[in-house]
Amino acid sequence: MNNNETQGPGNNPNQPAQPNQPNQKPNGKRRFNIMWIYAILAIVLIGLNFLGRDAVTPQEEIDQGKLIEMLKKGEIGKIELVNREDAEVYLNQKGLSVYFPEVIPNSDGFTATPNYTYKIGSLDRFEEMVENAQQEVSNPVYITNVRRNNWMSDIIGWIIPLVLIVVFYIILMRGMGRNMGGGAGSIFSIGKSRAQLYDKNSSSVNVTFKDVAGLEEAKVEIMEVVDFLKNPEKYTKLGGKIPKGVLLVGPPGTGKTLLAKSVAGEANVPFFSLSGSDFVEMFVGVGASRVRDLFSNAKSKAPCIIFIDEIDAIGRARGKSAITGGNDERESTLNQLLTEMDGFGTNSGVIVLAATNRADILDKALLRAGRFDRQIYVELPDIVGRKEIFEVHMRGLKLGKDVDKDFLAKQTPGFSGADIANVCNEAALMAARKGKEEIDKQDFLDAVDRIIGGLEKKNKIITPEEKKVIAFHEAGHATTSWLLQYAHPLVKVTIVPRGNSLGAAWYLPEERQITTKEQMYHEMIATLGGRAAEQVIFGQISTGALSDLEKVTKQAFAMVTYYGLDDEIGNISYYDSTGQQDYNLTKPYSEKTAETIDKEVSKLIEKAYQEAISILTDHREGLTQLATKLVEEEVIFGEDLERIFGKRPWNNSEDEKLKDAALKAAESRSENQPENESQNA
Ligand code: ADP
Ligand code: ZN
């Protein structure tokens, strides 16, 4: 059975409500202020550069000849060597009067800026040249070294990249924010919780108890939680403490998320929904930070509900994985969760609901009083529950007259609520594909087959020989199960390939809570019936029995080591309900016992196989008839078996009667007390 979980509204990505949106704007503004400061600084610097001193002349670049000439004439007052690469030449009084007669020098005898510049090739040669040129001059000028920083180009050199980086960054952040839906996307908010908030105004919590079928006990218990949120005083007045956490335990697809959502809908309070794996990120410390953020968000919205789906992602028992040496990040996330749950008062109006399908592997600290001290079991629906779930999901469908909910509920043992929702949807799609106006019974049956076995693969290439082998294999299952008292009665057999199996036999499991040794043994025989038929008819066996063998082996192991159904091993169970066995490298039994277990398991399987062979040898005739019919028609039903082998002497009519009685009782209950429903709602 595959648990095709339909996507619950919990993961709806189009949720508008985002608790941590408004922190982008102020940041952006501050960044612009900084930009202004830079701009002003730049303007001031440029201004300073131009602010000036007075006497200036154009700075002409001169060549060596001119320089030498002026030096020889003694017209130069000083030479400043800037950063050892440019020479700035200042004329003295004499030179100025020759070249710039109208310029009046400053009080030191020079102009404010150099009169000429000269590019130096080699420093040594330049010095030599200056010296030589002045050999006949009475008071020669010497070269002064000046180290000058070019502020402007330096500042621009780092302002521009800085500005670019800031602009780039702003663009990037805006883009990210837009792509990922605001706050949750940017790098700053990686430590923020990923919880989706369903609010009164977002009107998405329109799930109420009416949408949850069955689960009566769970509803009663969770009703109390609604009451805690609605009238806390009623309980706190007497000094009672309101529970902080409620754990929903049950197999996947049984409606845990749905139930939690309906609580929020019933109590009409905000509902934070997230999955345990949302806390997990590759960065260390993020999980703990997200927990903190989640709880502070929740407290600001109290009264409200936090729903953590799949809490086992963070809530596994700590420090038990011997091989990996523990997952520190997960542990610190869990510790933070524990701290937060201890931290808020019992009357703060925040209730944490969590769902898991394995309560046994959770850390004991999570389950102790004051945390998740209440556990609500959400089981797979029984026949009455299934009928009600069908009713809920058929509400919006256009049904044909022949659709019988009782019949469908009987046909779907072991289905979860999610499977049933899936069946209804598949049936609608199938009817639409065939262009029907209504969905009829056959569409539902096809949908059930499809959910169990996958899509039919009519075009898979199978040779006639293979087809024959498959037909005998499936007929073997059908025959053995028909002829064994405790095996499940068969509904139908097909040899149309589906999913990755080549053929399939459908049984109608009885709804039993405990299974006897005899029943298990008969099931093993029926499971081995496929391979046994190949052996009996063809004298050789094939690989087609892989999944049968796997199933039988597991079952035999469980019988011997878990259920204490083996004489040799005795009433001992090596089952560990705490789930910590997975981490242990050693087995809880000795080598000798291990040998005995192996021996007993193979003995059990061998015995079942021989039994199957003997049944099929005795009924070779019927088996062949059945297989031939299968090859011709590809599908056979229980009625065909009845014609070949006769009625089952122990046709479990008792069982049928019980089921019908249950359905009838449920019907009269809901007819007699319609007001009760609305009172709860
Ligand atoms: P879980 O959280 O236990 O894995 P969900 O609550 O997500 O399961 O259930 C998945 C879907 O299955 C729901 O959205 C709903 O359509 C359907 N479903 C499951 N249980 C029920 C139920 N008791 N009544 C009605 N629908 C159900
Ligand atoms: Zn098989």
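Since the structure is predicted, the reported quantities are computational estimates derived from the model, not experimental observations.

Turning our attention to the overall build of the protein. Within the protein, the regular secondary structure consists of 24 helices and 14 strands. By residue count, 43% of the 681 residues in the protein fall in the buried class. Long-range pairs, those at least 24 residues apart, make up 75% of the contacts in the protein with a sequence separation of at least 6.

Before going further, it helps to spend a moment on the sheet that holds strand β4 (residues 116-119). The strand order across the open sheet built from 5 strands is β1-β4-β3-β2-β5, with neighbouring strands paired in mixed fashion. The open sheet has two edge strands, β1 (60-61) and β5 (143-146), and neither has a second partner. Across the sheet, helix α4 (residues 123-133) lies against β2 (76-82), β3 (86-91), β4 and β5, angled at about 170° from β2, the strand it touches most.

Across the 7 residues that make up strand β10 (residues 350-356), a large majority, 7, are buried. The side-chain alternation of β10 yields two buried faces, one formed by V350, V352, A354 and T356 and the other by I351, L353 and A355. Bridge count for strand β7 (residues 245-249) against β10 is 5 bridges, and the pairing is parallel. Paired with V249 across the bridge in β10 is T356.

Ligation of the zinc ion (ligand 2) by protein atoms is provided by H473 (NE2), H477 (NE2) and D548 (OD), these donors lying 2.0 Å from the ion. Expressed as a motif, the donor residue spacing for the zinc ion (ligand 2) is H-x3-H-x70-D. Placement of both H473 and H477 in helix α17 (residues 464-483) is noted, with a separation of 4 residues, approximately one turn of the helix. H473 gets classed as buried once you look at its relative accessible area, which sits at 6%.

Next up on the list: the site of ligand 1. In the neighbourhood of ligand 1, 18 residues make up the surrounding shell, with A213, G253, K256, T257 and H393 lying closest. The contact in question runs from a nitrogen atom of ligand 1 to an N or O atom on the backbone of A213, over 2.8 Å. Between T254 and ligand 1, the recorded distance is 3.3 Å, taken from a backbone N or O atom to an oxygen atom. Put simply, the parts of the chain that give the shell around ligand 1 at least two residues each are α8 (256-267), α13 (383-394) and α15 (417-433).

On to the packing of helix α19 (residues 546-562) against helix α20 (residues 591-618), then. Running from N to C, α19 and α20 cross one another at 125°; their axes reach a closest spacing of 9 Å. In terms of orientation, α19 and α20 fall into the oblique class. Crossing angle aside, the handedness with which α19 passes α20 is right-handed. Mapping the contact onto sequence places V552, T553, A556, F557, M559, V560 and T561 in α19 and I597, D598, E600, V601, L604 and I605 in α20.

Attention now moves to the packing of aromatic side chains. Using the criterion set out here, one finds 8 aromatic pairs in the structure. Judged by centre distance (6.3 Å) and plane angle (90°), the ring pair of Y99 and Y116 falls under edge-to-face. Pair noted here: Y99 is in helix α3 (residues 93-99) and Y116 is in strand β4, with a separation of 17 residues, a long-range link. Summarising the aromatic geometry, the rings of F472 and F538 are spaced 5.5 Å apart at their centres and angled 85° between planes, so their arrangement reads as edge-to-face. Within this pair, whereas F472 is found in helix α17, its partner F538 is found in helix α18 (residues 517-538), the two being separated by 66 residues in sequence. On the accessibility criterion, F472 (6% relative accessible area) is buried.

What follows deals with the pairing of β2. Counting buried positions along β2 yields 5 of 7 residues, so the element is predominantly enclosed. In this structure, β2 lies alongside β3, joined through 6 bridges in antiparallel fashion. Paired with I79 across the strands is V89, a residue of β3. Two strands pair when backbone bridges link them, and β2 and β5 are joined in this way by 4 bridges, in the parallel orientation. From the neighbouring strand, I79 faces β5, where its bridge partner is I143.

What follows deals with the pattern of salt bridges. Taken as a whole and judged by the stated rule, the model has 21 salt bridges. Through salt bridges that share partners, K434, K436, D440, D443 and D446 make up one connected network.

Attention now moves to the packing of α18 against α20. Taken N-terminus to C-terminus, the directions of α18 and α20 make an angle of 60°; their axes are 7 Å apart at the nearest point. If you check the angle between α18 and α20, you find them oblique. α20 is crossed by α18, and the crossing has right-handed handedness. When α18 is examined against α20, the residues Y521, M524, I525, L528, G529, R531, A532, A533, Q535 and V536 are found in contact with a partner set consisting of L604, I605, K607, A608, Y609, E611, A612, I613, I615, L616 and T617. Tallied by class, the residues present in the contact of α18 with α20 amount to 15 nonpolar, 3 polar and 3 charged.

Attention now moves to the sheet that holds strand β8 (residues 271-275). Read across the sheet, 6 strands follow the order β6-β8-β9-β10-β7-β11 without closing on themselves; strand pairing throughout is mixed. In this open sheet, the two edge strands, each paired with only one partner strand, are β6 (196-198) and β11 (374-377). Here the strands of the sheet are splayed against their neighbours by 20° on average, with no regard to which way each runs. On top of the sheet, helix α6 (residues 216-230) reaches β7, β9 (304-309), β10 and β11; it is set at about 140° to β11, its chief contact.

So, about α13. Look at α13: 16 Å from first C-alpha to last across 12 residues, which is about the 16 Å you get at 1.5 Å a residue. Counting buried residues in α13 gives 9 out of 12 residues, a clear majority hidden from the surface. Buried residues of α13: I383, V384, G385, R386, K387, I389, F390, V392 and M394, and no others.

Together, E216, E217, E221, E379 and D382 make up a region of like negative charge exposed at the surface. You can see E221 is positioned in helix α6. The exposure class assigned to E221 is partly exposed, which follows from its relative accessible area of 35%.

The rules we used
Residues numbered from 1 in each chain as written. Chains lettered and ligands numbered in written order. Predicted model: local features only at pLDDT ≥ 70, side-chain atom pairs only at ≥ 80, totals over all residues. Heavy atoms only, no water. Helix = DSSP H or I, 4+ residues; strand = E, 2+ residues; numbered from the N terminus. Buried < 20%, exposed > 50% of the residue type's maximum accessible area, 1.4 Å probe, protein only. Contact = heavy atoms within 4.5 Å. Pairing = 2+ DSSP bridges. Axes fitted to C-alpha atoms, helices over the stretch in contact; angles between N-to-C directions. Donors = N, O, S within 2.8 Å, 3.2 Å for Na, K, Ca; no water. Near = heavy atom within 4 Å. Polar contact = N/O pair within 3.5 Å; in protein donor to acceptor, adjacent residues only side chain to side chain. Parallel < 35°, antiparallel > 145°, perpendicular 65-115°, else oblique. Left-handed = near helix turned anticlockwise from the far one by under 90°. Phe/Tyr/Trp six-rings, centres within 6.5 Å; stacked < 30°, edge-to-face > 60°. Salt bridge = Lys/Arg side-chain N within 4 Å of Asp/Glu carboxyl O. Nonpolar A, V, L, I, M, F, W, Y, C, P; charged D, E, K, R; others polar. Expected span 1.5 Å × (residues − 1). Patch = residues over 30% accessible without salt bridge, like charges linked within 9 Å, V, L, I, M, F, W, Y side chains within 5 Å. Areas by Shrake-Rupley, 256 points an atom, 1.4 Å probe, with all protein chains shown as cover. Lys, Arg positive; Asp, Glu negative; His and termini not counted. Charge placed at Lys NZ, Arg CZ, Asp CG, Glu CD.

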